[in-house]
Amino acid sequence: MTDTPVTGSSPDESPVRLLLCDDHAVVRAGLRALLASAAGIEVSGEAGSGEEAVALAAKLRPDLVLMDLQLGPGIDGVEATRRLLALPAPPRVLVLTTYDTDADVTRAVHAGATGYLLKAERPEELFAAIHAAARGRTALSPPVARRVLAHLRAPRPGLTPRERDILAQLSQGLGNRDIARALHISEATVKTHLGRVYQKLGVDTRAGAVAVAKEQRLLE
């Protein structure tokens, strides 16, 4: 979803200079070949890791970085996005991923991504999103847009003091047994509270809960 349909650049406009970031060489090759057919888009470089993307962006100064979220060893796409936006000449960042969980979307948006697109989108939708994001306009895949709107219309309930206590213990890397001992409650009670924390934060893993909690500053 973009603010208005964008199909390409006019003859008088400079092409969008794009940097690809994906840890799979085959995916990068496929994207490069696909984007070669798009009007007004020029691939100026490609990176196989978040660290490489930041270094190349500082050197090449692209208009936009097309960023995957999961990048193997090293920093992930969210941390790479933060570092890209801290550069002296920061590019826009458009996330292109297969992941659309609440935690992934929330982390990417909080990191400053201009758009969030799923790899299942049609090529023309990708081209339109690239042009929109390069101009600073929000670009979201329809499933992601529906998820965002749903959360705006029905905000998650806040965490209870006990849930915050457990989340704080979780952020220290403690397991259920250690959390139970620290808070003087049973492991069963810990599991119950964790289930509610996961539901409220829209995650299904301990790491996801901690990540969203940090993004939303729930641990301060």
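Criteria and cut-off values
- Residues numbered from 1 in each chain as written.
- Predicted model: local features only at pLDDT ≥ 70, side-chain atom pairs only at ≥ 80, totals over all residues.
- Heavy atoms only, no water.
- Helix = DSSP H or I, 4+ residues; strand = E, 2+ residues; numbered from the N terminus.
- Buried < 20%, exposed > 50% of the residue type's maximum accessible area, 1.4 Å probe, protein only.
- Contact = heavy atoms within 4.5 Å.
- Areas by Shrake-Rupley, 256 points an atom, 1.4 Å probe, with all protein chains shown as cover.
- Pairing = 2+ DSSP bridges.
- Right-handed = clockwise from strand over helix to strand, strands pointing away.
- Axes fitted to C-alpha atoms, helices over the stretch in contact; angles between N-to-C directions.
- Salt bridge = Lys/Arg side-chain N within 4 Å of Asp/Glu carboxyl O.
- Core = buried A, V, L, I, M, F, W, Y, C linked by side-chain atoms within 4.5 Å.
- Arc of directions from axis to C-beta.

**Regarding the overall build of the chain**
Phase 1 of the analysis: Summing up its helical and strand segments, the chain has 10 helices and six strands in all.
Phase 2 of the analysis: The buried share of the chain, taken over its 220 residues, is 44%.
Phase 3 of the analysis: Restricting the contact set of the chain to residue pairs at least 6 apart, pairs at least 24 apart contribute 66%.
Phase 4 of the analysis: Summed over all atoms, the accessible surface of the chain reaches about 11,100 Å², with 53% contributed by carbon and sulfur.

**Looking at the environment of Arg196**
Phase 1 of the analysis: Along the chain, the position of Arg196 falls in helix H9 (residues 187-201).
Phase 2 of the analysis: Here Arg196 falls in the partly exposed class, since its relative accessible area comes to 42%.
Phase 3 of the analysis: Once the C-alpha coordinates of Arg196 and Glu163 are considered, the two residues, 33 residues apart in sequence, prove to be 8.0 Å apart.

**Considerations on the pairing of strand E2 (residues 41-47)**
Phase 1 of the analysis: Note that strand E1 (residues 16-21) and E2 share six bridges and pair parallel. Opposite Leu18, over in E2, you have Val43 as the bridge partner.
Phase 2 of the analysis: Read from E1 through helix H1 (residues 25-35) to E2, the crossover connection turns out right-handed.

**Overview of the sheet that holds strand E5 (residues 115-118)**
Phase 1 of the analysis: The strand order across the open sheet formed by six strands is E2-E1-E3-E4-E5-E6, and the pairing between neighbours is parallel. Two strands close off the open sheet at either side, each with one partner strand: E2 and strand E6 (139-140).
Phase 2 of the analysis: Of the strand pairs in this sheet, E5 and E6 are connected by two bridges, and their pairing is parallel. Bridge pairing links Gly115 to Ala139 in E6.
Phase 3 of the analysis: Of the strands in this sheet, strand E3 (64-67) and strand E4 (92-97) are in contact with helix H3 (residues 77-85), which crosses E3 at around 170°.

**Describing the pattern of salt bridges**
Phase 1 of the analysis: Here the structure, examined in full by the defined rule, presents 13 salt bridges.
Phase 2 of the analysis: With its nearest N and O atoms 2.9 Å apart, the salt bridge here joins Arg32 to Glu46. Note that Arg32 is positioned in helix H1 and Glu46 in strand E2, a separation of 14 residues in sequence.
Phase 3 of the analysis: Judged by relative accessible area, Arg32 falls into the partly exposed class, the value being 33%.
Phase 4 of the analysis: One salt bridge in this structure joins Arg83 and Glu79, with 3.1 Å as the shortest N-O distance. Here Arg83 pairs with Glu79, and both are found in helix H3, just four residues apart, close to one helical turn.
Phase 5 of the analysis: When salt bridges with common partners are traced through the structure, they connect Asp22, Asp68 and Lys119 into a single cluster.

**Let's talk about helix H10 (residues 206-215)**
Phase 1 of the analysis: Among the 10 residues that make up H10, seven are buried, leaving the element largely enclosed by the rest of the structure.
Phase 2 of the analysis: Listed in full, the buried residues belonging to H10 are Gly208, Ala209, Val210, Ala211, Val212, Ala213 and Glu215.
Phase 3 of the analysis: Those residues of H10 that are buried lie in contact with H3, helix H4 (102-111), helix H7 (161-171) and H9.
Phase 4 of the analysis: Looking one or two places after H10, you find Arg217, whose phi comes out positive at around 55°.

**Things to note about the nonpolar core**
Phase 1 of the analysis: Within the largest apolar cluster, 20 residues are counted, with the highest numbers of intra-cluster contacts made by Leu18, Leu35, Leu66, Leu94, Leu126 and Ile130.
Phase 2 of the analysis: For this core, the secondary structure elements donating two or more residues are E1, H1, E2, E3, E4 and helix H5 (123-134).
Phase 3 of the analysis: No other element matches H5, which puts six residues into this core.
Phase 4 of the analysis: Formed by 19 residues, the second largest nonpolar core is a distinct cluster that contains Leu159, Ile179, Val203 and Ala209.

**Quick word on H1**
In an α-helix, one full turn covers 3.6 residues, which means residues spaced three or four apart are oriented alike.
Phase 1 of the analysis: Every buried residue of H1 is accounted for by Arg28, Leu31 and Leu35. Across the axial projection of H1, the buried residues extend over an arc of 65°, all falling on one side. Opposite its buried face, H1 presents the exposed residues Val26 and Ala33, each directed more than 90 degrees away.
Phase 2 of the analysis: Those residues of H1 that are buried are in contact with E1, E2, E3, E4 and H5.

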